[in-house]
Amino acid sequence: MDTYLVPRKKSHSLWRLGALTALAFSAAPSTLYAKTALDTPRWAISVNDGHSITLPNGKMATGSTYSPDSAVLIGFHGSQPFIGNGIELPGSVQGPPTMAWVSPNSDWAIVTSGAKAGSAPGAPLVPDTRVSVLSIEHGVPKLIQTVEAGLGPSGVAVSNDQKWALVANRVGGTVSVFKVVNKHLVDEKIIDFGKDSNPTTVEFLPNSQDAVVVLRKRNALALLVREKDGYRAAPNMVSVWSSPNTMDISHASGLIAVAGMDKVAPGVSILRANPAGLHELYRFPVAPGPEPLHFSPDGRILAVGSVNDSNAHPERKGSVSLYHLDEKSATKIAEAPVGHWPQGIIFSPDGHTLIVQNNTDQSLGVYHVEPEALTFERDIPLGVGPSASASAW
């Protein structure tokens, strides 16, 4: 697949990308993408769900026609994004948009699949267990391992020394703990929080081997403490905003942000880790359905998306807001409309561009970030619904 640089000014040649992408998805699995060697130093990744639809009642189901699930690399020349090579692999929009991880030097990645297609069009989705491990060489992703985790694998993270990988199993109520050996996941162990816990996102703390997992049905975070032979859950949990789902931890500022998906009063909790454990600093309200949430590379800005029921109601659209954070409060500095059913958020390495995955629209929305403004630039069509994202920075 050719790589097209996205220009700052709209160009009709950009839309060739959508045509080529649609063509690629109609190809046989072994030829989903032509592999073009690219030497961009670091990559982001978009995981794409081709099998799911949302019913008018808001529940997800199996589509009548669908494309293969996939992952595609996204690179940046400065602030300008371009679409790189991709690969077929299991992916799912059921779960938080944190179902991918990319190594800091972009030489390997992990993607989880929370659910797969049911037995027939309109049938409920079926909890999946598959976790895909990719190598990335010269911008070409290659599947090197598929392993089984618990039911409904969702958020995934790898320790700072890249010796351990954690997978939050949303349906199973567990966290899978894998050793990492030569970029392969081995010797799975389980931390069981109970089926009523609903683990969604897991992230490692900066400059630490400890991690944090979101337990949605407990309205809490649990600290996962490194031990010689793996990890254990610390006894005391920390309460956060109701119905927490997506979490991000800034390695620049050390702040932890957790989005609460409460249908009546959604909001975000801001925390910090200290030697005594996790400490909540403050909370602030946000727009409905804050599923997308991500820090800027410098940790000063938090982007929070709003689904706004746009997955079930075509007349509605989502939005994204930028907040400046400090130790005491969050200040909204910009807001912009996005497409239908926003999922993952990607900042460019320099923080001047923001990408929002629009699942229903099967596109990536590109926005220019200014000190107190967020300006829509263009949509990049994918031909399949983007559902999760991660970046190497």
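Given the structure is predicted, the values throughout are model-derived calculations rather than measurements.

> How do you make sense of the overall build of the protein chain when you look at a structure like this?
Tallying secondary structure elements over the protein chain gives one helix and 33 strands in all. Rg of the C-alpha trace for the protein chain: 19 Å, near the compact-globule value of 21 Å for 393 residues, within the 12% margin. When the backbone C-alpha atoms are referred to their principal axes, the protein chain occupies close to 55 × 45 × 45 Å. Within the protein chain, buried positions represent 59% of all 393 residues. Taking contacts inside the protein chain between residues at least 6 apart in sequence as the whole, the part at least 24 apart equals 52%. Once the 31 positive and 34 negative side-chain charges of the protein chain are each reduced to a mean point, those two points are 2 Å apart.

> Honestly, the packing of aromatic side chains in this entry has me stumped. Any pointers?
Any pair of aromatic rings gets described here by the distance separating the centres and the angle formed by the planes. Applying the stated criterion to the full structure yields eight aromatic pairs. Relative to Trp108, the ring of Trp101 has its centre 4.9 Å away and its plane inclined at 70°; by these criteria the two rings are edge-to-face. For Trp101, a relative accessible area of 12% corresponds to the buried category. Exposure remark for Trp108: the relative accessible area of 1% places this residue in the buried category. Each ring, one from Phe204 and one from Tyr231, has its centre 6.0 Å from the other, and the planes form 75°; the classification is edge-to-face. Note that Phe204 is positioned in strand β16 (residues 199-204) and Tyr231 in strand β19 (residues 230-233), a separation of 27 residues in sequence. Side by side, Phe204 and Tyr231 carry an identical accessibility label, which is buried. Members of the aromatic cluster, connected to one another through ring pairs, are Trp164, Phe204 and Tyr231.

> Even after reading the chapter, I still don't get the sheet that holds strand β25 (residues 293-295), so can you show me in this structure?
By way of backbone hydrogen bonds, the strands of a sheet pair with one another, either parallel or antiparallel. The antiparallel open sheet is built from four strands, whose spatial order is β25-β26-β27-β28. The strands lining the two open edges of the sheet, one partner per strand, are β25 and β28 (330-337). The mean angle between the axes of side-by-side strands here comes to 20°, regardless of whether they run parallel or antiparallel.

> Honestly, the pairing of strand β21 (residues 244-249) in this entry has me stumped. Any pointers?
Looking down a regular strand, the side chains alternate between one sheet face and the other. Burial analysis of β21 places six of its six residues in the buried class, which makes it a mostly covered element. Relative to strand β22 (residues 255-260), β21 runs antiparallel, the two sharing four bridges. Bridging from a neighbouring strand, Met247 pairs with Val258 of β22. Here β21 folds back onto β22, and the loop between the two strands holds five residues, one of which, Gly254, carries a positive phi near 80°.

> What am I meant to see in the pairing of strand β7 (residues 108-112) here?
Counting buried positions along β7 gives five out of five residues, so the element sits mostly inside the fold. Burial along β7 is two-sided: Trp108, Ile110 and Thr112 and Ala109 and Val111, pointing in opposite directions, are all buried. Across three bridges, the pairing between strand β6 (residues 100-102) and β7 is antiparallel. Residue pairing for β7: Trp101 is matched across the bridge by Ile110. Two successive antiparallel strands, β6 and β7, enclose a turn made up of five residues, where Ser106 displays a positive phi of approximately 60°. Sheet topology places β7 next to strand β10 (residues 130-137); five bridges connect them, and they run antiparallel. Bridging across to β10, Ile110 finds its partner in Val133.

> Honestly, the confidence of the model for the protein chain in this entry has me stumped. Any pointers?
If pLDDT is low for a region, its predicted coordinates should not be looked at in detail. Per-chain confidence: the protein chain averages 90 in pLDDT, with 91% of residues scoring 70 or above. Segment residues 1-32 is flagged for pLDDT under 50; beyond a separation of four residues in sequence, or across chains, it makes 66 contacts in the model.

> Would you mind showing me how to read the environment of Phe376 here?
Here Phe376 is to be found in strand β32 (residues 373-381). Between the C-alpha atoms of Phe376 and Ala336, which are 40 residues apart in sequence, the distance is 7.5 Å. Excluding its chain neighbours within four sequence positions, the residues that come into contact with Phe376 are Val366 and Tyr367.

> So what exactly am I meant to see when it comes to unusual backbone geometry here?
A negative phi holds for most residues other than glycine; trans holds for most peptide bonds. For Gln162, which is not a glycine, the phi torsion comes out positive at approximately 55°. Tracing the sequence through the fold places Gln162 in the loop between β12 (153-158) and β13 (164-169). Classification of Gln162 as partly exposed rests on a relative accessible area of 27%. Despite not being glycine, Asn207 shows a phi value in the positive range, around 55°.

> Sorry if this is basic, but what is going on with the sheet that holds β6 here?
Spatially, the four strands line up as an open sheet ordered β6-β7-β10-β11, and their pairing is antiparallel. In this open sheet, the two edge strands, each paired with only one partner strand, are β6 and β11 (140-148). Each neighbouring strand pair of the sheet contributes to a mean axis angle of 20°, computed without reference to strand direction.

> Whenever I open this one, the pattern of salt bridges confuses me. Can you help?
Opposite charge on two side chains allows them to pair when their charged atoms are near. Applying the stated criterion across every chain yields a total of eleven salt bridges. A salt bridge links Lys189 to Asp229; its shortest N-O distance comes to 3.9 Å. On the criterion of sequence distance, the pair formed by Lys189 in strand β15 (residues 184-192) and Asp229 in the loop between β18 (220-227) and β19 is long-range, its members being 40 residues apart. Across the salt bridge formed by Glu227 and Arg232, the nearest N and O atoms sit 2.8 Å from each other.

> Any chance you could explain the layout of surface pockets here in plain terms?
Empty space left among the atoms is revealed by rolling a probe the size of a water molecule over them. By volume, the largest pocket is sized at about 950 Å³. Looking at the largest pocket, it is lined by 27 residues, and the ones nearest its centre are Gly58, Arg216, Met261, Lys263 and Asn311. Grouping the constituent residues of the lining of the largest pocket by class yields ten nonpolar, ten polar and seven charged. In terms of lining residues, the second largest pocket is bounded by 36 residues, among which Glu203, Asp248, His251, Ser391 and Trp393 are the most central. Tallied by class, the residues present in the lining of the second largest pocket amount to 21 nonpolar, 13 polar and two charged.

Rules and cut-offs
Positions within a chain are numbered from 1, following the residues in the order the chain's sequence is written. Thresholds applied to this predicted model are a pLDDT of at least 70 for local features of residues and 80 or more for the giving and counting of side-chain atom pairs; totals over whole chains, interfaces and linings are not thresholded and use all residues. With hydrogens and water excluded, all non-hydrogen atoms of the structure serve as input to the side-chain values. Only runs of H or I of at least four residues qualify as helices and only runs of E of at least two qualify as strands under DSSP, and these elements are numbered from the N terminus. In this description the radius of gyration comes from C-alpha coordinates, and the expected globular size is given by 2.2 Å times residues to the power 0.38. Between buried and exposed lies partly exposed: a residue is buried under 20% and exposed over 50% of the maximum accessible area for its type, with that area taken using a 1.4 Å probe on protein chains only. Contacts are residue-level and defined by heavy atoms, with any inter-residue pair within 4.5 Å sufficient. Two residue types count as positive, namely Lys and Arg, and two as negative, namely Asp and Glu; His and chain ends fall outside the count. Charge positions are represented by NZ for Lys, CZ for Arg, CG for Asp and CD for Glu. Side-chain rings of Phe, Tyr and Trp (the six-membered ring for Trp) are treated as a pair once their centres are within 6.5 Å; stacked means planes under 30 degrees apart, edge-to-face means over 60, and tilted covers the remaining angles. By this definition, two strands are paired if DSSP reports at least two bridges between them. The convention used is that axes are lines fitted to C-alpha atoms, helices contributing only their stretch in contact, and that angles between N-to-C directions extend from 0 to 180 degrees. pLDDT measures how confident the predictor is about each residue, on a scale from 0 to 100. Take a side-chain nitrogen of Lys or Arg and a carboxyl oxygen of Asp or Glu: if they are within 4 Å of each other, that pair is a salt bridge. Site definitions follow a grid-based scheme: protein atoms alone, a 1 Å grid, a 1.4 Å probe that fits but cannot get out for cavities, and for pockets an open set with protein on both sides within 12 Å along at least five of seven lines, plus lining residues having an atom within 4 Å of a point. Grid points are joined across faces, edges and corners, and a volume is the space filled by probe spheres set on the points. The classification used treats Ala, Val, Leu, Ile, Met, Phe, Trp, Tyr, Cys and Pro as nonpolar, Asp, Glu, Lys and Arg as charged, and all other residues, Gly among them, as polar.

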